[in-house]
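Fold and contact review
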Amino acid sequence: MEYFLELFLGGLTRGSIYALIALGYTMVYGIIELINFAHGEIYMIGAFTALIVASVLTLFGLNQIAILVLASITAVIYSAAYGFTVEKIAYKPLRHAQRLSPLISAIGMSIFLQNYVLLAQTSDFLPFPSLIPDFEFWEAYSHIIGSAELVILITTTIVMILLTFLIKFTKIGKAMRATAQDRNMAMLVGVNVNQVISMTFIIGSALAAVGGVLIASHIGMINFYIGFIAGIKAFTAAVLGGIGSIPGAVLGSLVLGLTESFATGYVSSDYEDVFAFALLVLILIFRPAGILGRSTTQKV
Amino acid sequence: MLKLKNINTFYGNIHALKDVDIEVTEGEIITLIGANGAGKTTTLMSISGIVPPRSGEILFMDKAINHFRPDTIVALGICQVPEGRHIFPYLTVMENLDMGAFLRTDKDNIKKDLEHIFDLFPILAQRRHQPGGTLSGGEQQMLAISRALMARPKLLLLDEPSLGLAPLVVRQIFEIIEKINNESNTTIFLVEQNANLALKTAHRGYVMENGRIMLTDATENLLLDENVKKAYLGM
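The structure contained in this document is the topic of the report that follows. Predicted model, so just to flag it, every value in this text is computed and none were measured.

Definitions and cut-offs
Residues numbered from 1 in each chain as written. Chains lettered and ligands numbered in written order. Predicted model: local features only at pLDDT ≥ 70, side-chain atom pairs only at ≥ 80, totals over all residues. Heavy atoms only, no water. Pairing = 2+ DSSP bridges. Helix = DSSP H or I, 4+ residues; strand = E, 2+ residues; numbered from the N terminus. Contact = heavy atoms within 4.5 Å. Axes fitted to C-alpha atoms, helices over the stretch in contact; angles between N-to-C directions. Parallel < 35°, antiparallel > 145°, perpendicular 65-115°, else oblique. Left-handed = near helix turned anticlockwise from the far one by under 90°. Buried < 20%, exposed > 50% of the residue type's maximum accessible area, 1.4 Å probe, protein only.

Turning next to the sheet that holds strand β5 (residues 63–64) of chain B. All names here are of chain B. One open sheet accounts for four strands, arranged β2-β1-β4-β5; its pairing is antiparallel. Two strands in the sheet have a free side with no partner beyond their single neighbour: β2 (14–24) and β5. Two elements, strand β1 (residues 2–11) and strand β4 (residues 55–60), share five bridges in a ladder whose sense is antiparallel. Considered in β4, the bridge of Leu4 is made with Ile58. Here helix α1 (residues 40–48) sits on the sheet in contact with β1, β2 and β4, set at roughly 110° to β1.

As structure tokens, then:
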């Protein structure tokens, strides 16, 4: 039972990281129907920014929590700026082009950003300082869930609640939903759609950066390629939950995280991807729009 | 109030509006009638800045607006109820109305306007927490008009408000349109295929064919015009 609980909580942790990234995919898709393949790279850039800030701050001898907070904030700002810029450079000029063009542009942006980090940094794995401390009071339970995982779970929950509030009740949130549902009509009630699209990229990128910092600190190593792998997983989770749906992305991520965790724990870690993608195939066979996806009929 | 001077609008290579001249004076209801594909909807989309004209000028209160973004045009006081209503399907009735007031910041007045709208359309008050997509066609048309009114427009563009509605509902909608014009002195630009109804509601009319304005006159005269009778009134 304890082993089950450990796997369960491990799966939730993993899933919540996926969710932080998957939200960016699903929100962007919801608004401009584009799979932003460069989104994983934004997450990777978040992790690298945190690494640089943390290394510098460590030299100044700041304490661990202060470093974690400052590194996260810088990573969020940097990633948001990258996300914003990527949209302006690679997608906005193609807004009225046929659908394949921005998709190819996205893949190009992904490759560009990977190689840019590869050149600016190195291709080797870099050690990432463990920014999340081991809390003493938690030691008694640490065999079930470690302090770092606990922090990840709590942070993600808080971020999700904030995001839900933003989408449901704020003006920009309503504008985002309206734009996703009917872009022309949103313009006709006075929404500046370009602003809404930029905002979507900024929020999605900021969420990815939070995920990047948390997981890098937990795993302890990063390189330029982590964004690609995490991106593919999070994208899978977004599709699993129903791309375009925000609760869907979270649910899909948790389901994916749990599946992987149980597959690793009860079968073998070699098979975690097999189970993850088999689940994706199964769900897409029976619910092609994803778990919470709305099946839309295309007008011809 | 609104002047379209020689505007030409294109969809790709298709020349949809050809040298269109239309003038709307403050306080009146004008109507643009014509067959399917004549360019009526394109005219409204050009005014709203969704499909800006390639040449010509659109003046609103003596200011050229043909290069403005759609949201700037709404901010100036031109609101459109597009053809097919375009309710945000997953936003509640309340949220749809909130979106109508998107650019406004005067909270107290927004509240007053909302009450006024619920007086005008009590059914919307009943359904305020329901997603817009679950309303019937008539209710959606009421919501679409209400959403536009929430912006306190100076000029209201209405595209085919009667489309797909039962005759009784159509009559109700048109009564409301006249009421809006009378009570708040809102200028109305009405596009309709139901020429009979449109000409009886409006003060002046324009007849459009293949992207050109063919005829314009007071609606009393248009109703008597032999060509209009034959082509649009089925007489």
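What follows concerns the packing of helix α2 (residues 39–59) of chain A against helix α8 (residues 193–219) of chain A. Residues and elements named next belong to chain A. Closest axis-to-axis distance for the α2/α8 pair is 7 Å, and the angle between their directions is 55°. The angle between α2 and α8 places the two elements in the oblique class. You can see that α2 and α8 cross each other, and the crossing is right-handed. Residue-level inspection shows His39, Ile42, Tyr43, Gly46, Ala47 and Ala50 of α2 in contact with α8, the latter providing Gly204, Ser205, Ala208, Ala209, Gly211, Gly212, Val213, Ile215 and Ala216.

Residues and elements named next belong to chain B. Judged by pairing direction, the sheet is mixed, and its six strands sit side by side in the order β6-β7-β8-β3-β9-β10 without closing on themselves. Among the strands making up the open sheet, the edge pair consists of β6 (78–81) and β10 (212–218). On average, each strand axis in the sheet is inclined to that of its neighbour by 15°, with strand direction left out of account. Where strand β3 (residues 29–34) meets strand β9 (residues 204–209), five bridges bridge the pair, whose relative direction is parallel. Directly across from Leu32, in β9, lies its bridge partner Tyr206. Packing of helix α6 (residues 137–149) onto the sheet brings it into contact with β6 and β7 (155–159), and relative to β6 it is tilted by some 170°.

We now examine the environment of A:Gly227. Residues and elements named next belong to chain A. For Gly227, the position within the fold is in helix α9 (residues 226–241). For Gly227, a relative accessible area of 1% translates into the label buried. Spatially, the C-alpha atom of Gly227 lies 8.7 Å from that of Ala38, the residues being 189 residues apart in sequence. Aside from chain neighbours lying at most four places away, what touches Gly227 is Gly40, Glu41, Tyr43 and Met44.

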